Each structure stands twice: as C-alpha cells, then as structure tokens.
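# Observations on the three-dimensional arrangement
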Amino acid sequence: MTSAAFDLPEPAQPDLRARVSPRVEFLVVGGGTLVLFPLLWLLRTIIGLDSAELAVGFLMFHGAHLINDPHFAVTYVLFYKDAKRRAFGNAFGARQRARYLAAGLFAPCALGIWLYHSFSGTSARSLGTLIQVMFLLVGWHYVKQGFGVLSVLSARRGVRYSAFERRAFLAHCFAGWAYAWASPATPRVEAEEKGVVYWSVAHPPLLDRLTLIAFAFSTLVLAAALFRKWQRERRLPPVAPLTGLLVSVWVWSVYSSADPLLVYVIPALHSLQYLFFVWLLTRNQAKAAQQAPFFGPTPVQRLAFLAISSVALGWLLFHGAPDLIDGARLSQHRHDHERLGDLGPTPYFAAFFAFVNIHHYLMDAVLWRRENAETRYLLL
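The structure contained in this document is the topic of the report that follows. (Residues numbered from 1 in each chain as written. Predicted model: local features only at pLDDT ≥ 70, side-chain atom pairs only at ≥ 80, totals over all residues. Heavy atoms only, no water.)

### Some remarks on the pairing of strand 1 (residues 190–193)
- Judged from the four bridges that link them, strand 1 and strand 2 (residues 196–199) form a sheet pairing that is antiparallel. If you follow Glu 193 over to strand 2, its bridge partner there is Val 196.
- What sits between strand 1 and strand 2 in their antiparallel hairpin is a turn of two residues, with Lys 194 showing a positive phi close to 55°. (Pairing = 2+ DSSP bridges. Helix = DSSP H or I, 4+ residues; strand = E, 2+ residues; numbered from the N terminus.)

Laid out in structure tokens, this is it:
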C-alpha cells in the first residue's frame, strides 16, 4: 500500500467470523439506492407526493444528526489524530506530509480568511461565492468516493485493474462530475442558501452540451475497457464495488433529481457509504491493536468512542456553535432596529456549513490515499 514508515502493529489475520456480509456491503455502498426507487415510488402512490415529501424531508432533516453531521465530524477525528507526527514526524513520506499540511493547516486558514473578509465587509457576494465553491466541489467529492469504493472493495477481493482501466474509470467519474455541475444550463440568477442571498454563476448551454458529450464519450470508453477486461480475464468488476461507483456517478451526481424524494435521501446514502469504510478501518485497527504487546481497547469500545465523539462534534459544528452566534447577532440587530440585509438571519450557519463541507472534501483527498499507511487496514 505504501512505502512510508509507520510503526503500528501489523494487521491481524482476518477473523472469519467477522467478515462483512456481501448483502449488507452491497446495500451500504450504493445498492440500497436501487432498492429505494420502488419503495419511494410506492410511498408517493399511497400517500401522494406532497405528504411523501413532507415525511421524507422531515425524516432526513432529523436523521442528519446521526448520519450526515457525524460523517463530516468523524473526518476531523481521524485526520487530526496524531497530527504532530503526521505533519512533522516520520508517519508520512515527504509528498504525503505536504498534502497533510496543505489540507490540515493552510486550507482552513485560507477558508477562515475568506470568511473573515465576508463578515467584516458584510458581503453576501463573498460568502455566496464560497457556497458556490462548495457546490462545485461536492460532485468531485462524490465521484472520487465512488472510485475509492471500487478500488478498495475490488482489492479486498483480489481484483486488480490495469492503468488503462483505472484511467477509464477516473475519466468517467470526472466527466460525470463536470456534466452534473454544468447541467442544466441556467443564466445568472439570484439565489439563496441558508438565508444568504447571492448571484449564482451562469451555466451556458454550450458548457452543458460539451460536458454531456464528454460524459457520453467517457461512458463508451469505460464500456470498452470493461469489454477488454472480460475478453482478457473472463470476469468483470465485482457487483458491489461497481455498483458503488456507478450509483455515485449516475444517481447521486448526474441524475440526482430523477426521483423527487430520493434527492432528500442522497446525502444520507453518501454518508452511510463513507461511514462503512470508517467502521471497516477502525474495527480492523482495533483488532490489530488488541494483540500483544499493545492490548488496546476492544473494537466495540473504539467504535463507540468514535461514534459518540463524532455525533457530539457534528452537533457542535452544525448546530451548537452557529446557532449560538447567529442568535446573538439576531438579538443585536433587533436591539438596534437594524435590517439583516442579504446575509440573512443565519449567515454563520451558512459559513460553518460551507467551511466544514469544503474542508471535509480536502481532508478526505489526503486521508484515504494509499500513501497513508493506515489504509492497509481496509484490505483485511
């Protein structure tokens, strides 16, 4: 996996009794989306679209406390663990250490400066630009995670891909990301997100058509690569990994609005996919650390601590801190009889939301690279 030195205990031999159920794995990494399509259609048919939207939206809004928010927070727990040795010690090689410093130190400082400029000048335009950067990067994050699902789960089964096949998968992912962002073609319009009013970036029709052509071409190249693999090896990628990638690209990114109810569920499905690999990594680390001479906490204890800390940190980042600051700001405006302006009633919630999302994308791009020696625990 990596040539970097890392003085952790070697992974233990796989425990046959603790293997992941193939059905559970398939559902968690993306297959559950395919099951939801008929279920959501049935729900709309029985109670109507308006009632179904209200029920699903309400469930997902409150479910975010236990799924979406912790999926962001757990990245901070994993990324900044043993931060001093990772940033300045021998945990990583030179390139990985530079990536770690860029994502862990320079990126949050740059985002903080951006937000300081937005609030010091009460600039909804500046904050709105950061929100649009978040919207641009979220598709990149989704498809990259889908590619990671394919790579890790295939490697766990002993399936390898040639350089051409990997490039075909990646090209399809990036073309899907570009088309998802560019479509549909829209002019520059006034938009609102988390109470912040700003002008969006125009998506011209030509960009929509060009990215669609690129996406269609990448689909043909990917199909050709899979056909060559079948001719050469008489097998295709395993079902669960391939489903995880294709669902991440086609359903969660490109055609995310195909079902009016599924659009509410996609963030939770993406978070569940992510948390599955966090669980896999942490469980296997704990199993290895239980061996002599370490005798560390049990997998249940370590996973429980990670879950509790992630839920608490997620609440703080998305509710506790922004609600407190926005509440104080709103009270001050009322006391001074001032208008809120384009920043709206909850600009700090918007700022925390954009900051954590973007930083999460950047930390993930470092944390789950094979240059991080801990990722070997995913392959047990």
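Text resumes after the structure shown.
### Topic: the environment of Ser 154
- Turning to its location among the elements, Ser 154 is positioned in helix 6 (residues 124–156).
- Distance from Ser 154 to Ile 113, taken between C-alpha atoms, is 41 Å for residues 41 residues apart in sequence.
- Apart from the residues lying within four places of it in its own chain, the contact partners of Ser 154 are Val 149, Val 159, Tyr 161, Pro 238 and Pro 241. (Contact = heavy atoms within 4.5 Å.)

### Comments concerning the nonpolar core
- Formed by 37 residues in total, the largest nonpolar core has its most connected members in Phe 79, Leu 127, Ile 131, Val 196 and Val 356.
- Looking at this core, the elements that each hand over two or more residues are helix 3 (68–79), helix 5 (94–120), helix 6, strand 2, helix 10 (262–289), helix 11 (299–336) and helix 12 (347–367). (Core = buried A, V, L, I, M, F, W, Y, C linked by side-chain atoms within 4.5 Å. Buried < 20%, exposed > 50% of the residue type's maximum accessible area, 1.4 Å probe, protein only.)

### A few points about the pattern of salt bridges
- Taken as a whole and assessed by the stated rule, the structure comprises 12 salt bridges.
- Two residues, Glu 233 and Arg 235, come together in a salt bridge whose shortest N-O distance is 3.4 Å.
- In this structure Glu 233 comes out as partly exposed when scored by relative accessible area, which is 29%.
- For Arg 235, a relative accessible area of 34% corresponds to the partly exposed category.
- Through salt bridges that share partners, Glu 165, Lys 229, Arg 232, Glu 233 and Arg 235 make up one connected network. (Salt bridge = Lys/Arg side-chain N within 4 Å of Asp/Glu carboxyl O.)

### Details of unusual backbone geometry
- Omega for the bond connecting Ser 183 with Pro 184 falls within 30 degrees of zero, at -5°, which places this linkage in the cis form.
- Relative to the helices and strands, Pro 184 resides in the loop between helix 7 (163–182) and strand 1.
- Residues other than glycine seldom take positive phi values, yet Arg 234 does so here, at roughly 60°.
- Structurally, Arg 234 is set in the loop between helix 8 (205–233) and helix 9 (239–254).

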